[in-house]
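Here are the chains, one letter per residue:
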Amino acid sequence: MLVTKKQDDCLCCDAVILPFAGSTALSVELPKNLAEAVKAAVDQEKFSGECGSLYTMNLLGENGILSLVLIGLGDENASNREAYLAFCKALKYCKDQHCGKTVVYLDNAAARLENNPALVAKLCECPWLVSYDFTAYKSNPAAPAMEQVEFVTQLPDFQAQLDEAAVVAQCTLHSRDLVNHPSRFMTPAQLGVEAQKLAQEYGLDCKVFDKPQIEALGMDTFLAVGRGAVDEPRLVVLRYMGASADQETIGLVGKGIMFDSGGYSLKSKMATMHDDMGGAAAVIGAITALARRKVPVNVVAVVAACKNMISGDAYVPGDILRSMSGKTIEMLNADAEGRLTLADAITYAIREEKVDRVIDIATLTGAAKGAVGGRTAPILSNDDAFCGVMEQASKVSCEKVWRLNADKELRPVLNSAVADIKNSSPGNNYGGGTIVAGLFIQEFVEGKPWIHVDMAPVNWLGEDSSYCCKGATGYGVSLLYQTVKLLAK
Ligand code: BES
Ligand code: MN
Ligand code: ZN
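Here the structure is a predicted model, which is why all the values come from computation and not from measurement.

Student: Help me get a handle on helix H5 (residues 158-180), residues and values and all.
Tutor: With 23 residues, H5 extends 32 Å between its outermost C-alpha atoms, agreeing within 8% with the 33 Å of an ideal straight helix rising 1.5 Å per residue. Of all 23 residues in H5, 17 are buried, a share of seventy percent or more.

Structure representation (structure tokens):
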């Protein structure tokens, strides 16, 4: 994918996208036949200019048939996310029409963009996000439908915004790849290899611990989850120290269940459960983006990678595990495995990597979608200011989050008669599965400022959407990147 600021004034392209800022006013200079076509469409009320409204025409251009695409980005009353999704819709139309080269007259929406650099940057990501297809296992993959996008614009600092967006978008696509590969290829060991490749290419520190080394760290809970699998676990640690040593270190902990069968609490549907490492992919993508952009901040990404499988050796409900923190856990549901691996990964981040604050991100509960719907990730936190930073970042990344109450009144459902805590509470009639999972994780953060992101609702698309094809979304790369970037200031 080639995305540039347009330098010439030839219109040798397959599509022209004309974005509108909440009206039908044409505010850029266009070739005469295009300007006339736009005027006719507006006069005949084919195009309303509303946010998300799309109108397309075929005209004769320098390259033959030219698609002219009118798209409403809305005025300042529309959110950045709404504008972003609208722009993706226009690009998706071009992709579906096999428009190899598209020119975007960005300044037609200048009224919307001049004072909104975050939206400009997000729109710059769109060509990558929309053009992506996962073709690694296709014998004869179709050529990419969309190859080049040029932005016609005079907006200040546009090139700098495009450069940053390119990195964030590329890391998001890499994260989609990590998730889309099935688990017979993307094993814990392979995830370690992928992390090492990134570390080498972009100058991060990387450590990959194998099973004996994980045993030596005392991560019994993590090991218990991975014990049923033939593919052995790995603890993957990436470190990027972009600030001085006296600055704080931010810990990003991602759930890395390379396949979640449910273990002996076996799932009945599991065809997409290789996606249960979306959190891992998000933290790896985010730290890579932070390092590539040289954001002045210290970050450590930690992933406890394993498969939750059944075998004669697998953990079984009723087992009592001793976590790395020392707390004992009565394991009553083998399918509530993510919180177990996260507990040890968080203890490792705090005690061994000395992180000062923690964000964990995980495809943790099916209940999350029931709580907030399939387009938002619920978050929980013990720190209002920290949480506020992520809410602000979410407006920039256009990935929605919604804070749930970490309601202490629900905590007793995790009390265990035989251990310090239990991992789930069969027959709990308080509900709030997403909150209960968060409360479990909170037990391991040792009072550090902490945010928990349950990305289960937004990690995977069952069908194509404008901004992403069926499969992994890459959710969280931009959200974490923007959150950490705000903390750096
Ligand atoms: N990885 C799943 C959560 C999940 C389910 C994500 C479906 C995406 C789609 C997680 O490990 C899990 O199985 N959670 C259980 C927890 C329960 C046993 C307390 C759940 O949500 O059912
Ligand atoms: Mn599970
Ligand atoms: Zn899981």
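Student: Run through the coordination of the zinc ion (ligand 3), naming residues and quoting values.
Tutor: The protein atoms that coordinate the zinc ion (ligand 3) are Lys255 (NZ), Asp260 (OD), Asp276 (OD) and Glu337 (OE), at distances of 1.9 to 2.4 Å. In the primary structure, the donors to the zinc ion (ligand 3) are separated according to the pattern K-x4-D-x15-D-x60-E. The distance between the zinc ion (ligand 3) and the manganese ion (ligand 2) comes to 3.2 Å, and Asp260 binds to both of them. Note that Lys255 is positioned in strand S9 (residues 249-260) and Glu337 in the loop between strand S12 (328-330) and helix H10 (338-351), a separation of 82 residues in sequence. Here the two residues Lys255 and Glu337 agree in accessibility, since each one is buried.

Student: Can you lay out the site of ligand 1 for me, pointing to particular residues and giving the numbers?
Tutor: Around ligand 1 lies a shell of 14 residues, among which Lys267, Asp276, Asp335, Glu337 and Gly366 are the nearest. Measuring from an oxygen atom of ligand 1, one finds a side-chain N or O atom of Lys267 at 2.8 Å. Within the side chain of Glu337, a nitrogen or oxygen atom sits 2.9 Å from an oxygen atom of ligand 1. Starting from 510 Å² of accessible surface for ligand 1 in isolation, the protein chains cover 72%. Each residue belonging to the shell around ligand 1 can be placed in one class, and the counts come to three nonpolar, four polar and seven charged.

Student: Tell me about the environment of Gly61, residues and numbers included.
Tutor: In this structure, Gly61 sits in strand S3 (residues 54-61). Its relative accessible area of 25% is what places Gly61 among the partly exposed residues. As a C-alpha pair, Gly61 and Ala142 span 81 residues in sequence and 26 Å in three-dimensional space.

Student: So what's going on with the state of the cysteines? Residues and values would help.
Tutor: Enumeration according to the criterion identifies one disulfide in this entry. Each sulfur in the disulfide pair Cys10 and Cys12 lies 2.3 Å from the other. On the S-S bond that ties Cys10 to Cys12, the torsion sits near -40°, and the link is left-handed. Overall, Cys12 belongs to the partly exposed group, its relative accessible area being 25%. Here Cys387 is not cross-linked by a disulfide; its sulfur's nearest cysteine counterpart is in Cys398, at 18 Å.

Student: Give me the lowdown on the pattern of salt bridges, citing residues and values where you can.
Tutor: Enumeration over the complete set of coordinates arrives at 24 salt bridges. Residues Lys6 and Asp8 are paired through a salt bridge, measuring 2.7 Å at the closest nitrogen-oxygen approach. Of the residues examined, Lys6 reaches a relative accessible area of 10% and is grouped as buried. Linking Lys6 and Glu150 is a salt bridge whose minimum nitrogen-to-oxygen distance equals 2.7 Å. Pair noted here: Lys6 is in the loop between strand S1 (2-5) and strand S2 (15-20) and Glu150 is in strand S6 (residues 148-152), with a separation of 144 residues, a long-range link. Judged by relative accessible area, which is 8%, Glu150 ranks as buried.

Student: Can you tell me about the side chain of Asp360, naming the residues and giving the values?
Tutor: Within the secondary structure, Asp360 is located in strand S13 (residues 357-362). Of the side chains bearing the opposite charge, Lys255 lies closest to the buried Asp360, which forms no salt bridge; the N-O distance is 9.6 Å. Here His452 takes part through its side chain, which lies 2.6 Å from a polar atom of the side chain of Asp360.

Student: Give me the lowdown on the sheet that holds S12, citing residues and values where you can.
Tutor: Strand order across the open sheet formed by three strands is S11-S12-S16, with mixed pairing between neighbours. Either end of the sheet is taken by a strand with one partner, and the two such strands are strand S11 (320-322) and strand S16 (421-422). Alignment of S11 against S12, held across three bridges, turns out to be antiparallel. Its bridge partner lying in S12, Ile320 is registered against Glu330.

Student: Please set out the sheet that holds strand S10 (residues 298-308) residue by residue, giving values where relevant.
Tutor: The sheet built from eight strands is open, its strands ordered S7-S8-S10-S9-S13-S17-S14-S15 with mixed pairing. Among the strands making up the open sheet, the edge pair consists of strand S7 (205-209) and strand S15 (400-403). Here the strands of the sheet are splayed against their neighbours by 20° on average, with no regard to which way each runs. Where strand S8 (residues 234-241) meets S10, eight bridges bridge the pair, whose relative direction is antiparallel. Paired with Arg234 across the bridge in S10 is Ala305. Seen against the sheet, helix H9 (residues 278-292) touches S8, S9, S10 and S13 and runs at an angle of roughly 140° to S9.

Student: Break down the domain arrangement of the protein for me, with residues and values.
Tutor: Split by domain assignment, the protein resolves into domain 1 (2-156) and domain 2 (181-488). Here the C-alpha centre of domain 2 lies 37 Å away from the C-alpha centre of domain 1. With 17 residues of domain 1 at the contact, the number on the domain 2 side is 16 residues. Considering only the side of domain 1, the residues that lose the most area to domain 2 are Arg81, Lys122 and Tyr137, jointly responsible for 38% of the buried surface there. Our enumeration of links across domain 1 and domain 2 arrives at zero salt bridges.

Rules behind the numbers
- Residues numbered from 1 in each chain as written.
- Chains lettered and ligands numbered in written order.
- Predicted model: local features only at pLDDT ≥ 70, side-chain atom pairs only at ≥ 80, totals over all residues.
- Heavy atoms only, no water.
- Helix = DSSP H or I, 4+ residues; strand = E, 2+ residues; numbered from the N terminus.
- Expected span 1.5 Å × (residues − 1).
- Buried < 20%, exposed > 50% of the residue type's maximum accessible area, 1.4 Å probe, protein only.
- Donors = N, O, S within 2.8 Å, 3.2 Å for Na, K, Ca; no water.
- Near = heavy atom within 4 Å.
- Polar contact = N/O pair within 3.5 Å; in protein donor to acceptor, adjacent residues only side chain to side chain.
- Areas by Shrake-Rupley, 256 points an atom, 1.4 Å probe, with all protein chains shown as cover.
- Nonpolar A, V, L, I, M, F, W, Y, C, P; charged D, E, K, R; others polar.
- Disulfide = S-S within 2.5 Å.
- Salt bridge = Lys/Arg side-chain N within 4 Å of Asp/Glu carboxyl O.
- Lys, Arg positive; Asp, Glu negative; His and termini not counted.
- Pairing = 2+ DSSP bridges.
- Axes fitted to C-alpha atoms, helices over the stretch in contact; angles between N-to-C directions.
- Contact = heavy atoms within 4.5 Å.
- Domains from an automatic or database assignment.
- Buried area = accessible area lost by both parts, 1.4 Å probe.

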